[in-house]
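Next come the chains, spelled out residue by residue.
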Amino acid sequence: MTFQPVKLTALIILLASVATPPDSAQAAALGQVTPANRPATLLLTQAQPTPVARLLKDGNALLNEGKSEQALSLFKQALDADAKNVQAWIGQGTAFYNLEQYDEAIAAYKRATELDSRSVSGWVGLGNALDDSKKPEDALKAYDTALKIDANDANVWYNQGVTLSRLRRYQDALTAYDKAIRLQPAYGSSWYNRGVVLTKLQRYPEALASYDQAIKIAPDRADTWINRGNVQFNLKRYQDAVKSYDRAITLQASNEDAWFNRGVALAQLERYQDAIASFEKTLKINPNNTDARENRDLLLKQVGQLNQDAV
């Protein structure tokens, strides 16, 4: 008996653009230089970081901890002390970006690029903020400027790929991700997004290979395993798809999409009772999932009819 599911949940969401973090090493770390021909017993004094450098270092540390509000305060203090500090403007832009205050982020990144037109971090941050402000064409211009400065920056190519993907320019996005991977082969997010784009293009074997590579780099991401399962489902490799969904569930037991898609794949294998159990689990996680409810009820009727026919 063939089962016709209501819908397979296609979890092929593109990763959000990620701004290049401020260059705290350049801004705050003052290295110790050993002069030539010094006696070995002479102790050298390490230069102390300036107050602005300390503010930048602490601000960047707060950004890395996800404390953007506190970071914003430190970057403001740095700018009060030095209004032309490019890294402080980039840090402020990143904090605003993380807080989804995109207009403020755009203004900060623009100021950074006005002060230093060759700041790749500034242009990438500006592109991110413009993209999330629904200005993708302007974002692409910012990334193009960054690439003119440094065409070998994998992060710029990756961010360009994100924007092109959102514009559904999938072939161009694929080119961008390929360039990012060529420059940085262990760029897991690029492999993941490459799989998304190839799935959109219905190039399923290549998409599967991309997800496999992403899993080698980051094996504990449940969404990658779900997307891998979806591609295997599209290739009618239902048993393999179930294994991928099982792995996603092992990593994230309350993942609604993994349980739902597992149910659909099990139904295709005519493992109806197991499929019903998966849909039941989906409904425990989200009682409002109407697709899971309809699929479960349809299977219950089919199983009931099969039992009647067997009598």
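Residues numbered from 1 in each chain as written. Predicted model: local features only at pLDDT ≥ 70, side-chain atom pairs only at ≥ 80, totals over all residues. Heavy atoms only, no water.

Caption draft 1: Fine view of the overall build of the chain. The helix and strand inventory of the chain stands at 16 helices and 0 strands. Considering the chain as a whole, with its 311 residues, one finds that 49% of them fall into the buried category. Put simply, of all contacts in the chain between residues at least 6 apart along the chain, 56% involve residues at least 24 apart. Summing over all exposed atoms, the chain offers an accessible surface of approximately 15800 Å²; the carbon and sulfur share of this is 49%. (Helix = DSSP H or I, 4+ residues; strand = E, 2+ residues; numbered from the N terminus. Buried < 20%, exposed > 50% of the residue type's maximum accessible area, 1.4 Å probe, protein only. Contact = heavy atoms within 4.5 Å. Areas by Shrake-Rupley, 256 points an atom, 1.4 Å probe, with all protein chains shown as cover.)

Caption draft 2: Local environment of the packing of aromatic side chains. One pass over the structure, following the stated rule, counts 6 aromatic pairs. Three or more aromatic residues joined by ring pairs form one cluster here, namely Y158, Y177 and Y187. The side chain of R221 reaches across the aromatic face of Y192, ending 4.3 Å from its centre. (Phe/Tyr/Trp six-rings, centres within 6.5 Å; stacked < 30°, edge-to-face > 60°. Lys NZ or Arg CZ within 6 Å of the ring centre and 35° of its normal.)

Caption draft 3: Spatial organisation of unusual backbone geometry. Despite not being glycine, K134 has its phi angle at roughly 65 degrees, a positive value. Mapped onto the fold, K134 is located in the loop between α6 (120-132) and α7 (136-149). The exposure class of K134 is exposed, given its relative accessible area of 72%. In this structure, R168 is a non-glycine residue whose phi angle is positive, near 65 degrees. You can see R168 is positioned in the loop between α8 (154-166) and α9 (170-183).

Caption draft 4: Main features of the environment of T282. Note that T282 resides in helix α15 (residues 272-285). A relative accessible area of 0% means that T282 is categorised as buried. Separated by 25 residues in the primary sequence, T282 and D257 place their C-alpha atoms 7.8 Å from one another. The residues touching T282, leaving out its near neighbours within four places in the chain, are E256, W259, F260, N289 and A292.

Caption draft 5: Just the environment of L183, in detail. Topologically, L183 is positioned in helix α9. L183 sits in the partly exposed class, given a relative accessible area of 37%. When the C-alpha atoms of L183 and A151 are compared, they prove to be 9.8 Å apart, with 32 residues separating the residues in sequence.

Caption draft 6: Summary view of the packing of α7 against α8. Here α7 crosses α8 at 160 degrees, and the two axes come no closer than 10 Å. Here α7 lies roughly antiparallel to α8, going by the angle between them. The crossing of α7 and α8 is left-handed. On α8, the residues touching P136, A139, L140, Y143, D144, A146 and L147 of α7 are V156, W157, N159, Q160, T163 and L164. (Axes fitted to C-alpha atoms, helices over the stretch in contact; angles between N-to-C directions. Parallel < 35°, antiparallel > 145°, perpendicular 65-115°, else oblique. Left-handed = near helix turned anticlockwise from the far one by under 90°.)

Caption draft 7: Main features of the packing of helix α10 (residues 188-200) against helix α12 (residues 222-234). Contact pair α10 / α12: the axes reach a minimum separation of 11 Å and the direction vectors enclose 25 degrees. By the angle class used here, α10 and α12 are roughly parallel. For the crossing formed where α10 meets α12, the hand is left-handed. Every residue of α12 that contacts α10 at Y192, V196 and T199 is listed here: D223, T224, N227 and V231. Here the residues of the contact of α10 with α12 sort into 3 nonpolar, 3 polar and 1 charged. (Nonpolar A, V, L, I, M, F, W, Y, C, P; charged D, E, K, R; others polar.)

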